[in-house]
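Next come the chains, spelled out residue by residue.
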Amino acid sequence: MTAIATVILAAGAGSRMKSKMPKVLHQIAGRAMVSHLLDTVSTLNATKNIVVVASGMDDVRAEVAPAQTAVQKEALGTGHAVAAALPDLEGFVGDILVLYGDTPLITAKTLQAMIEARRASTDNAVVVLGFEPEDPLEYGRLVTNEAGDLEAIVEFADATDEEKSVRLCNSGVMAISSEHIEGLISAVGNENAKGEYYLTDIVSIARSKGLTCKVVKGQETELLGVNNRVQLAEAEEIAQERWRKQAMTQGATLIDPKSVFFSHDTILGQDVVVEPNVFFGPGVTVADGVRIKAFSHIEGATVGAKSQVGPYARLRPGAALGEEVKVGNFVEVKKASLDDGAKVSHLSYIGDAHVGAQANIGAGTITCNYDGYDKAKTVIGAGAFVGSNTALVAPVRIGKGAIIGAGSTVTKEVAEDALMVERASETQKAGWAKRFRAMKARLKK
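Worth saying up front: this structure is predicted, and the values here are computed from it rather than measured.

Scoring rules and cut-offs
- Residues numbered from 1 in each chain as written.
- Predicted model: local features only at pLDDT ≥ 70, side-chain atom pairs only at ≥ 80, totals over all residues.
- Heavy atoms only, no water.
- Pairing = 2+ DSSP bridges.
- Helix = DSSP H or I, 4+ residues; strand = E, 2+ residues; numbered from the N terminus.
- Core = buried A, V, L, I, M, F, W, Y, C linked by side-chain atoms within 4.5 Å.
- Buried < 20%, exposed > 50% of the residue type's maximum accessible area, 1.4 Å probe, protein only.
- Contact = heavy atoms within 4.5 Å.
- Right-handed = clockwise from strand over helix to strand, strands pointing away.
- Salt bridge = Lys/Arg side-chain N within 4 Å of Asp/Glu carboxyl O.
- Patch = residues over 30% accessible without salt bridge, like charges linked within 9 Å, V, L, I, M, F, W, Y side chains within 5 Å.
- Areas by Shrake-Rupley, 256 points an atom, 1.4 Å probe, with all protein chains shown as cover.
- Phe/Tyr/Trp six-rings, centres within 6.5 Å; stacked < 30°, edge-to-face > 60°.
- Lys NZ or Arg CZ within 6 Å of the ring centre and 35° of its normal.

1. Concerning the sheet that holds strand 27 (residues 360–361)
Two orientations exist for strands paired in a sheet by backbone hydrogen bonds: parallel and antiparallel. Taken together, the 10 strands give an open sheet; going across it, the order is 12-14-17-20-23-25-27-30-33-35, and neighbouring strands pair in parallel fashion. Single-partner strands in this sheet number two, and they are strand 12 (253–254) and strand 35 (419–420). With two bridges connecting them, strand 33 (residues 403–404) and strand 35 associate as parallel partners. Across the sheet, the residue bridging to I404 is M420, located in strand 35.

2. Quick word on the nonpolar core
The biggest cluster of nonpolar side chains holds 71 residues, and the ones touching the most others in it are L99, L111, V126 and I202. The dominant element in this core, judged by the number of residues it contributes, is strand 7 (residues 124–131), at six residues. When sequence neighbours within four positions are dropped, the list of residues in contact with I202 reads V126, M174, I176, L184, I185 and V188.

3. A closer look at unusual backbone geometry
Look at the link from A65 to P66: it is a cis peptide, with omega at 10°. On the secondary structure map, P66 appears in the loop between helix 2 (58–64) and strand 5 (68–72). Of note, the amide linkage connecting A394 to P395 takes the cis form, showing an omega dihedral of 0°. The residue P395 is located in the loop between strand 31 (391–393) and strand 32 (396–398) in this model. Its identity as a non-glycine residue notwithstanding, N277 has a phi of 60°, on the positive side. Secondary-structure assignment places N277 in the loop between strand 14 (273–274) and strand 15 (279–280). Taking relative accessible area as the criterion, N277 reaches 35% and is therefore assigned partly exposed. Notably, F330 is not glycine yet its phi reads approximately 55°, a positive angle. Relative to the elements of secondary structure, F330 occurs in the loop between strand 23 (326–329) and strand 24 (332–338).

4. Thoughts on the pairing of strand 4 (residues 48–54)
Most of strand 4 is tucked away, with six of its seven residues classed as buried. Strand direction decides the pairing type here: strand 1 (residues 3–9) and strand 4, joined by five bridges, are parallel. Bridge assignment links V7 to a residue of strand 4, and that residue is I50. The sheet contact formed by strand 4 and strand 5 spans five bridges and is parallel. Along strand 5, the bridge assignment pairs V51 with T69. In this fold, the crossover linking strand 4 to strand 5 by way of helix 2 has right-handed handedness.

5. Looking at the pattern of salt bridges
Taken as a whole and assessed by the stated rule, the structure comprises 14 salt bridges. Ionic pairing is found between E132 and K217, a salt bridge with its closest N-O pair at 3.2 Å. Of this pair, E132 sits in the loop between strand 7 and strand 8 (141–144) while K217 sits in strand 11 (residues 212–217), and the two are 85 residues apart along the sequence. Look at K217 and you get exposed, because its relative accessible area is 55%. Residue E275 is joined to R291 by a salt bridge in which the shortest nitrogen-to-oxygen separation is 2.8 Å. Taken together, the residues E275 in the loop between strand 14 and strand 15 and R291 in strand 17 (residues 291–292) connect sequence positions 16 residues apart. Taking relative accessible area as the criterion, E275 reaches 15% and is therefore assigned buried. Taken together, the shared-partner salt bridges in this structure form one network comprising E299, R314, R316 and E332.

6. Considerations on a nonpolar patch on the surface
Taken together, the side chains of F295, Y312, F330 and L347 define a hydrophobic patch exposed on the protein surface, amounting to about 420 Å² of accessible area. Considering the arrangement of structural elements, one finds F295 in the loop between strand 17 and strand 18 (297–298).

7. Describing helix 3 (residues 78–85)
Because an α-helix completes one turn every 3.6 residues, residues spaced three or four positions apart along the sequence face the same direction. Within the span of helix 3, buried status applies to G79, A81, V82, A84 and A85. If you follow the buried residues of helix 3, they end up packed against strand 1, strand 4, strand 5, strand 6 (94–100) and helix 6 (178–186).

8. Brief notes about the packing of aromatic side chains
Overall, the coordinates contain five aromatic pairs when judged by the stated rule. Aromatic side chains F131 and Y139 sit 5.0 Å apart centroid to centroid with 80° between the ring planes, which places their arrangement in the edge-to-face category. For F131, a relative accessible area of 2% puts it in the buried group. Taken together, F295, Y312 and F330 form an aromatic cluster joined through their ring pairs. Above the ring of F156, the side-chain terminus of K164 is found at 4.6 Å from the ring centroid. Its guanidinium or amino end placed over the ring of F261, R244 lies 5.0 Å from that ring's centre, counting from NZ or CZ.

Printed below as a string of structure tokens:
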């Protein structure tokens, strides 16, 4: 089987993003654009991935590791960028995909179609990915002959009226035979207004050598290049729509799909119901039969089967819910495990804690886990009952089956099956409130 390598162009500073961060590191669904692309090409079993970066882009190098990186020392065009990767391709035999780190939505299916088109004949030196947008704007046009072979890529500024009427546009993505890539790239010149080396020139160069160039069509939505924040938002919308459809196809119910936002790695089981306005951050796994109620925010958390979360709940990183757990409205859970059947129904904060099976945490309960310097753990035993408005000052342990009276502040270990009540003595002064009001009224006169 012929091998596949990828060259991902990621050297652009992205000045139109108005950001100090390299363009390809801007995120879609919690993940850098270039990493979305690397994840896609991983499904093709590419034997070599080379990311072309500019000098000083150590943060991009770190993001794409363990992929190789090549440095384009000067910004002299796309052909020049591919040339920077050629030393790392020495001895490679197979097909080379040239991709763009700011085009993160391209699908593996489309890339596979390009590879197959390239391999259909040994004469097929280059395959270009085209698309037919609703509005061609000023995209370069792909000019084909009667046989459907690609004759040339014509930039809009250089196109005739007839060529501008062509709806097939250039995405920039290519599949190139390793047999021809070095000869084609080395023949690219920079005799143009910008003095740059354009990758698109290899099509006319290949044709002049008697080689064949082909076109594969992709969808406009997968070929959106992100050059500014507006396009970043458009890409996010496209990606979210994909994941919403995937979730529903695989057995989850989204009551109002457009108001649910996924991360790139969100996993939902079957018969999960997600109510409107729910946000999933990175690292969330939800088991079968769970209901996520409206306006909940979940990240870095696992939710066990048949549990219920929300409404208005927040699960922060390290939250681990067992089966049939209830985390209710206005409850926040952070770095805490709740065993099967545990209930925290409303208005509570559970952080750095372990809540045992079937334990019940009353409204307004908080784990006081931070002393200003260090975090400490609270352990609540199985079947324990913690009354409303209780403060559990960590480190502290509540024994199995223990009951904590409402309004208590717990600072010491509570034994199994014990009742712990901590309250100040109640004092009542008859008639005091009436005398107080009268005094205030006199002072106002």
